[in-house]
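# Analysis of the macromolecular model
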Amino acid sequence: MPDDQDRDDTGAGASRPIRLTASDLSAVRGGRRVLAGLSFTVATGELLAVTGPNGAGKSTLLRLIAGLLRPVGGQISFAPASEERIGGRLHYLGHLDGLKVTLSVRQNLQFWADLWSSPGTVDKALEALGLTRLATFPVAVLSAGQRRRTALARLLLIRRPLWLLDEPATGVDKAAEAMLGEMLRAHLGAGGLAVVATHLDPPVKPAATLALGAE
Amino acid sequence: MIAMRVIAVQTATLALRSGGGAFVGLVFFLAVVTVVPFGVGPDLALISRIGPAILWIGALLATLLGLDRLFGEDRADGSLDLLVLADLPLELVVVAKCAGAWLATGLPLVVMTPVLGALLGVEPPALAATALTLLVGTPALTLIGAIGAALATALGRGGVLIAVLVLPLTIPVLIFGASAAAAASAEPAGFSAPFLILVALTLISAVVAPITAAAALRAGLD
């Protein structure tokens, strides 16, 4: 989205360097330790790729960063410190798309745009993901890849410095993968951060790769 | 405030849209109210006397019917995570969702009450009182129901579990709602005491239920 890079209302701009730091992170899910002693840093403009086999804890790590899960040990900090809740400074794209099948593509996006009080961004997001033609269709009739595109369009509704993407390219075609790459490059270029869990090659060359191993 | 309105409107829209979800509650209400007289027998005096209670029980059961989808769908499609992350305390998200659910399911019941009450031969003063008690009391049913819905969502269950969890908690609302409605025709002086307790129950549940339901949803994030 080159033409809205000058917007800097959410602190994503390069003027305020931001940094995500995790130290000695441990997590337990269902009584099983999935992460232990994990430390990493992601700085402004960097993409951290999280790789590993199924069950290695990639999704758990993203949910920990988002604050949807509590770590059993270690800390996650997001600098500069802010009064704002961490949820307001990140986009989380989980393995589920978070779409209402009875609503149209546009209605789905409009809901989040309204909730995040970011009016007038839906059209641009639809266009960026090649969804303009599908905007009025209910999500129920879309393919899995088209639903994923709609979920990806949500990232463009409001500028937030940290993107947490869990297998963002699941089910999407080559064209959408290229769009995702472009979105990520624009986001990182504007000073954003991204943590991408994937077992494929990430769409943008990562600054670092965190390889998690299944126990 | 805007965010809460957005969530409430979307919840109501989805409830009305998804397979006529809210309409099912209304039909169920109608079914309960029309079936009871067949069981009780053709005694109009008796039916008109117990009419307000029948309406209350019908409304209670119809409200329970729609609770399944209050958080269950959001959890299943992943939007619950995003709502938790929204720049709005989860307690207020719960309030907004309850408001939307009530607009789609509770309010139609209140509107239908005079029609169904007339069907049962309930006298006009008692009918007005019943509609008023339902208007005040059904939000409490939805709010208390939200606790059960949140717990069931956290456990990944739904359906009957919600009804089993919620039904005992709604009994005080039913007692005071039905007795205020019944008092209106029998002894008008006896209306205000149970009615005020009903108002208090709604206000208490408006405070306690969002906190409890939000805690249950947080505990169930996994």
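Residues numbered from 1 in each chain as written. Chains lettered and ligands numbered in written order. Predicted model: local features only at pLDDT ≥ 70, side-chain atom pairs only at ≥ 80, totals over all residues.

Turning our attention to the overall build of chain B. When helices and strands are counted, chain B shows nine helices and zero strands. Taken over the C-alpha atoms alone, chain B extends approximately 55 × 35 × 30 Å along its principal axes. Put simply, chain B has 222 residues, and 53% of those count as buried. Residue pairs at least 24 apart in sequence account for 81% of intrachain contacts in chain B once pairs closer than 6 positions are excluded. (Helix = DSSP H or I, 4+ residues; strand = E, 2+ residues; numbered from the N terminus. Buried ≥ 20, exposed ≤ 12 C-beta atoms within 10 Å, placed from the backbone. Contact = placed C-beta atoms within 7 Å.)

A few words on the packing of helix α3 (residues 44-65) of chain B against helix α7 (residues 124-155) of chain B. Residues and elements named next belong to chain B. Two numbers describe how α3 lies on α7: the axes approach to 10 Å, and their chain directions differ by 25°. The angle between α3 and α7 places the two elements in the roughly parallel class. Both α3 and α7 take part in a crossing whose hand is right-handed. Touching P52, L55, A59, L60, T63 and L64 of α3 are A126, T130, L134, T138, L141, T142 and G145, all from α7. (Axes fitted to C-alpha atoms, helices over the stretch in contact; angles between N-to-C directions. Parallel < 35°, antiparallel > 145°, perpendicular 65-115°, else oblique. Left-handed = near helix turned anticlockwise from the far one by under 90°.)

A few words now on the nonpolar core. A general feature of soluble globular proteins is that nonpolar side chains tend to end up buried together. Membership of the largest hydrophobic core comes to 137 residues, with the highest contact counts inside it found for L164 of chain A together with A146 of chain B. Considering every element that reaches this core, the biggest residue donor is α7 of chain B, with 16 residues. Every residue in contact with L164 of chain A, bar those within four places of it in the chain, is listed here: L62, I65, A66, L90, H91, Y92, L93 and V195 of chain A. (Core = buried A, V, L, I, M, F, W, Y, C linked by C-beta atoms within 7 Å.)

With that settled, the discussion passes to the sheet that holds strand β2 (residues 32-43) of chain A. Residue and element names in this part refer to chain A. Overall, antiparallel pairing links the three strands, which are arranged β2-β1-β4 in an open sheet. Of all the strands in the sheet, just β2 and β4 (73-79) have a single pairing partner and so form its edges. Taking the axes of each pair of neighbouring strands and ignoring which way they run, one obtains an average angle of 20° across the sheet. Two elements, strand β1 (residues 19-29) and β2, share eight bridges in a ladder whose sense is antiparallel. In the sheet register, R19 faces β2, and the bridge partner there is A43. (Pairing = 2+ DSSP bridges.)

Counting residues at the interface gives 18 residues for chain A and 18 residues for chain B. The leading source of residues in the side of chain A that touches chain B is helix α2 (residues 105-115) of chain A, at three residues. Considered class by class, the residues forming the side of chain A that touches chain B number eight nonpolar, six polar and four charged. (Nonpolar A, V, L, I, M, F, W, Y, C, P; charged D, E, K, R; others polar.)

With respect to the element layout, V35 of chain B can be found in helix α2 (residues 21-40). Linking V35 of chain B and A219 of chain B, residues 184 residues apart in sequence, is a C-alpha distance of 41 Å.

Now for α2 of chain A. For the α-helix, the turn length of 3.6 residues means that residues three or four positions removed from each other point alike. Counting buried positions along α2 of chain A gives eight out of 11 residues, so the element sits mostly inside the fold. Against the buried residues of α2 of chain A lie α3 (122-128) and α4 (144-153) of chain A together with α1 (2-17) of chain B. S117 of chain A, located one to two residues past α2 of chain A, shows a positive phi value of around 40°.

All names here are of chain A. Read from one edge to the other, the open sheet built from five strands follows the order β5-β6-β7-β3-β8, with strand pairing classed as parallel. The outermost strands of the open sheet, each flanked by one partner alone, are β5 (90-93) and β8 (208-211). Direction aside, the axes of adjacent strands within the sheet are offset by 15° on average. One ladder, built from four bridges, connects strand β3 (residues 47-51) with strand β7 (residues 193-197); its direction is parallel. Its bridge partner being in β7, L47 is matched across the sheet by A194.

Residues and elements named next belong to chain B. Viewed as axis vectors pointing N to C, helix α8 (residues 160-186) and helix α9 (residues 192-219) meet at an angle of 150°, and their least axial separation amounts to 8 Å. Crossing geometry of α8 relative to α9 is assigned as left-handed. In contact with P172, V173, F176, G177, S179, A180 and A183 of α8, α9 contributes P194, F195, I197, L198 and L201. Looking at the contact of α8 with α9, its residues break down into 10 nonpolar, two polar and no charged.

It is worth spelling out the pairing of β3 of chain A at this point. Across a regular strand the side chains alternate sides, sitting on one face of the sheet and then on the other. Residue and element names in this part refer to chain A. With four of five residues buried, β3 is to be regarded as a mostly interior element. Note that β3 and β8 share four bridges and pair parallel. When the bridges of β8 are listed, A49 appears paired with T209.

Attention now goes to unusual backbone geometry. All names here are of chain A. Positioned with a positive phi, D24 is a non-glycine residue whose angle comes to about 55°. Mapped onto the elements, D24 comes out in strand β1. Exposure remark for D24: the 12 C-beta atoms within 10 Å place this residue in the exposed category. For S117, which is not glycine, the phi torsion reads 40° and is therefore positive. For S117, the position within the fold is in the loop between α2 and α3.

Time to look at the pairing of β5 of chain A. Residue and element names in this part refer to chain A. Covered by surrounding structure in β5 are L90 and Y92 together with H91 and L93, the residues of both alternating faces. Taken together, the four bridges between β5 and strand β6 (residues 162-166) define a ladder with parallel strand orientation. From the neighbouring strand, L93 faces β6, where its bridge partner is L165.

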